[in-house]
Amino acid sequence: MREPGDILLVACYELGHQPLAVAWPAAFLERAGFRPALMDVSVEPLDAEKLARARVIAISVPMHTALRLGLEVAARVRTVNPGAHICFFGLYATLNADYLFAHEADSVIGGESETPLLALVDALERGDAGRLPAVARPGQPAAPHLKRLDFPVPSRAGLPSIKSYAHVERDDRMDLVAYTESSRGCLHRCRHCPIPPVYGGRFFAVPREIVLADIRQQIEAGARHVTFGDPDFLNGPTHALAVARELHAEWPDVTFDVTAKIEHLLRHRAHLPALAEAGCLFIVSAAESLSDTVLAHLDKGHTRADILTALAVAREAGITLRPTWVAFTPWTTLADHREWLDFLDAEGLIDHVDPVQYGLRLLVPPGSLLLETEALRPHLGPLEQATLSYPWTHPDPRMDRLQAETAALVARATEMKADAPAIFDGVRAMAAAAAGAATPAPVSAGMSKGRKRPPRLTEAWFC
């Protein structure tokens, strides 16, 4: 398996970024003398020739969308190359191992997956079919690999150019975006997040020199902005600030964005001015809901009042806060929903929220910590194989109808490239109609298309 293309690493979707989740395994394999090929089916056609020649095909599934696309790739592999070993790796591989074994997978790896993947390739090269630590096989379960890795610099040469991926839109211009991670995993155990069932409250820092070397190769390819894909950039604030400062020292004109919990923005508010000075354009934070009831069920670690404070401290530091939301949960009332929309208007957040979030419904995948709670059980149906999730029904039928209608409205409007305020007006009018209330005054009339918008990525972000 030392010939080029004997091993194929397939990325399916990483939120519009050049896929780090295959660039890192490629580097581990190359360091060991293998010559893997790479493919990203989110931006390039599925290459049947690469599928046919590979002996091991490892499919990266870090999120739900990638998992569903990855299953399509695996089905195609079995058609063109039935003897290939198919491995799924990433967060959603672990959560869906049983389903994957019933649908083409020969092995599944979770957690810090690069070392177990290399061990699997070594074993297959030797013809050894024995049990391997952290590599699950049919009838041989294995826990996620949660040990610190010896990271090489990610290998990106085999991937499509970063020009094929998300750009940052700011000040009426578009810039290419680098994507990297300074840490993996998370200290926290928010119940709706896919990370805690796999990482169990652990996180691993990536050495600064590796992070900066990865950024350097992407800046040399034309990037002028960096997205840090850490689940929470402030899990290790000392490490994070050091990375940000070294980034700014080497490339003073390069900006960046991060993701951080509301809880961390408040705990580490003293560091926000330093992040702004280092070039932080915006922070994505999973606010999720304004309802303290919903936030308690999700175990988010913050309250409605905390969200308001986080908005204030970010503004004071000169950083745009882009909160993300789960618009529909079993505990979100119609009154909650309408109040949230009014809040977005009152706080001037309409341009800070990607419209896709207006119709987002709480996703409950296998392994979710929500499945352990009594609060969800009255609303929950059996595992739905078609969606790889547990469906739930809202106690107020109006909310399920509103969610479906809102998602459809947003999809149509987005396809027609409607302006964000116009989409917001449609969503708010629909919510008012569901409540039998008068349509609120439109906001779009007072927001010109030539207005200054906050910085954003061109790929809609959602959690």
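Each chain has its residues counted from 1, running along the sequence as written. Local features are withheld for residues below a pLDDT of 70 in this predicted model, meaning they are given only at 70 or higher, and side-chain atom pairs are given and counted only at 80 or more; totals for whole chains, interfaces and linings count all residues. Calculation of side-chain values draws on the structure's entire complement of heavy atoms; hydrogens and water are dropped beforehand.

### Remarks on the overall build of the protein chain
Scanning the protein chain from N- to C-terminus turns up 16 helices and 14 strands. By the compact-globule yardstick of 23 Å for 463 residues, the protein chain fits well, its C-alpha radius of gyration being 22 Å. Dimensions of the protein chain, computed from the C-alpha atoms along their principal axes, are close to 70 × 55 × 40 Å. Remark: exposure states derive from per-residue accessible area (1.4 Å probe, protein chains only) relative to the maximum for the residue type, with buried under 20%, exposed over 50%, and partly exposed in between. Among the 463 residues that make up the protein chain, the fraction classed as buried is 57%. Here, residues are in contact when the closest pair of their heavy atoms is within 4.5 Å. The contacts of the protein chain with a sequence gap of at least 6 include a subset with a gap of at least 24, amounting to 74%. As displayed, the protein chain has an accessible area near 18,300 Å², and 53% of this comes from carbon and sulfur atoms. None of His or the chain ends enter the tally, which takes Lys and Arg as positive and Asp and Glu as negative. To locate a charge, the coordinates of NZ of Lys, CZ of Arg, CG of Asp or CD of Glu are taken. In the protein chain, which carries 46 positive and 56 negative side-chain charges, the distance between the mean positions of the two groups comes to 1 Å. The helix and strand labels rest on DSSP assignments: H or I over at least four residues marks a helix, E over at least two residues marks a strand, and numbering proceeds from the N terminus. Only C-alpha atoms enter the radius of gyration, while the globule expectation follows 2.2 Å times N to the 0.38, with N the number of residues. Computed with the Shrake-Rupley method and a 1.4 Å probe, the accessible areas treat only the protein chains shown as cover for residues.

### Observations regarding helix 3 (residues 64-80)
Helix span, expected: 1.5 Å multiplied by one less than the number of residues in the helix. With 17 residues, helix 3 should reach 24 Å at 1.5 Å per residue; the first-to-last C-alpha distance of 25 Å fits that figure. Taken together, the buried positions of helix 3 are H64, A66, L67, G70, L71, V73, A74 and V77. Tucked inside the fold, the buried residues of helix 3 contact strand 1 (7-11), helix 2 (48-53), strand 3 (56-60), strand 4 (85-89), helix 4 (91-95) and helix 5 (97-101).

### Examining unusual backbone geometry
Located in the positive-phi region is D172, a residue other than glycine, with phi close to 60°. Classification of D172 by relative accessible area gives exposed; the value is 82%. In the Ramachandran plot, K417 falls in the positive-phi region, its phi being about 60° despite a non-glycine side chain. Within the secondary structure, K417 is located in the loop between helix 15 (397-415) and helix 16 (420-434). Judged by its relative accessible area of 74%, K417 falls in the exposed class.

### Points about the sheet that holds strand 14 (residues 456-457)
Strand pairing is defined by DSSP finding a minimum of two bridges between the two strands. In space, the seven strands of this open sheet follow the order 13-12-11-10-7-6-14, with mixed pairing throughout. The strands lining the two open edges of the sheet, one partner per strand, are strand 13 (320-325) and strand 14. As paired elements, strand 6 (residues 167-170) and strand 14 share two bridges and run antiparallel to each other. Across the sheet, E169 pairs through a bridge with R456, a residue of strand 14.

### Structural notes on the pairing of strand 6
Across the two faces of strand 6 the burial differs, with V168 and R170 buried and H167 and E169 not buried at all. Between the end of strand 6 and the start of strand 7 (residues 173-180), which pair antiparallel, lie two residues, with D171 showing a positive phi angle near 55°.

### Observations regarding the packing of aromatic side chains
Only the six-membered ring of Trp is used, alongside the rings of Phe and Tyr, when aromatic pairs are assigned; centres must lie within 6.5 Å, and planes under 30 degrees apart are stacked while those over 60 apart are edge-to-face, with the rest tilted. For the coordinates displayed, the defined rule picks out nine aromatic pairs. Ring geometry for F228 against F233: centres 4.9 Å apart, planes inclined by 40°, an arrangement best described as tilted. A residue is classified by how much of its surface remains accessible, and F228, at 0% relative accessible area, is buried. Three or more aromatic residues joined by ring pairs make a cluster, and in this case those are W325, W340, F343, Y358 and F424.

### Digging into the sheet that holds strand 3
Spatially, the five strands line up as an open sheet ordered 2-1-3-4-5, and their pairing is parallel. Bordering the open sheet on either side are strand 2 (37-40) and strand 5 (107-109), each of which pairs with just one other strand. Within the sheet, the average angular offset between the axes of one strand and its neighbour, ignoring direction, is 20°. One ladder, built from five bridges, connects strand 3 with strand 4; its direction is parallel. Axis geometry follows a simple rule: fit a line to the C-alpha atoms, using only the stretch in contact for helices, then measure angles between N-to-C directions, giving values from 0 to 180 degrees.

### Thoughts on the nonpolar core
Burial of nonpolar side chains together is a common tendency in soluble globular proteins. Here, nonpolar core means buried Ala, Val, Leu, Ile, Met, Phe, Trp, Tyr and Cys residues that are tied together by side-chain atoms lying within 4.5 Å of each other. Ranked by size, the top nonpolar core spans 81 residues in total, and within it F228, F256, L275 and Y358 carry the most contacts. At six residues, helix 13 (residues 304-317) tops the list of elements feeding residues into this core. With residues near it in sequence (within four places) discarded, L275 still touches F233, L234, L241, A244, F256, C280 and I319. In this structure, A37, I86, C186 and Y199 belong to the second largest nonpolar core, which totals 38 residues.

### Overview of the pattern of salt bridges
Between Lys or Arg on one side and Asp or Glu on the other, a salt bridge is scored when a side-chain nitrogen of the former is within 4 Å of a carboxyl oxygen of the latter. What the rule picks out here adds up to 29 salt bridges. Across the salt bridge formed by E125 and R2, the nearest N and O atoms sit 3.0 Å from each other. Of the two residues, E125 is situated in helix 6 (residues 114-126) and R2 in the segment before strand 1; the sequence distance between them amounts to 123 residues. Put simply, E114 and R184 hold a salt bridge, and the shortest N to O gap is 2.7 Å. Of this pair, E114 sits in helix 6 while R184 sits in strand 8 (residues 183-185), placing them 70 residues apart in sequence.

### Things to note about the side chain of H239
One can find H239 in helix 9 (residues 237-250). The definition of a polar contact used here is a pair of N or O atoms within 3.5 Å, where within protein one atom must be able to donate a hydrogen and the other to accept one, and adjacent residues in sequence count solely through side-chain atom pairs. Within the structure, the side chain of H239 is placed 3.1 Å from the backbone oxygen of V206, a separation counted as a polar contact. Residues within four places of H239 in sequence aside, it is in contact with S182, A205, V206 and R208.

### Regarding helix 9
Here helix 9 contains 14 residues, and its C-alpha end-to-end distance of 20 Å stays within 8% of the 20 Å for a straight helix at 1.5 Å per residue. Within helix 9, burial applies to P237, H239, A240, L241, A242, V243, A244 and L247. On its buried face, helix 9 sits against strand 9 (203-205), helix 8 (208-220), strand 10 (225-228), strand 11 (255-259) and helix 11 (272-278).

### A closer look at the pairing of strand 11
Of all the five residues making up strand 11, five are buried; the element is thus mostly covered by neighbouring parts of the structure. Both faces of strand 11 are covered, namely the face carrying T255, D257 and T259 and the face carrying F256 and V258. Note that strand 10 and strand 11 share three bridges and pair parallel. Opposite T227, over in strand 11, you have D257 as the bridge partner. The handedness rule is simple: strands pointing away from the viewer, and a clockwise path from the first strand over the helix to the second, make the crossover right-handed. For the handedness criterion, the β-α-β arrangement of strand 10, helix 9 and strand 11 is classed as right-handed. The pairing of strand 11 with strand 12 (residues 280-288) spans four bridges and is classified as parallel. Bridge assignment links F256 to a residue of strand 12, and that residue is C280.

Purely spatial values, then, with no claim about function.
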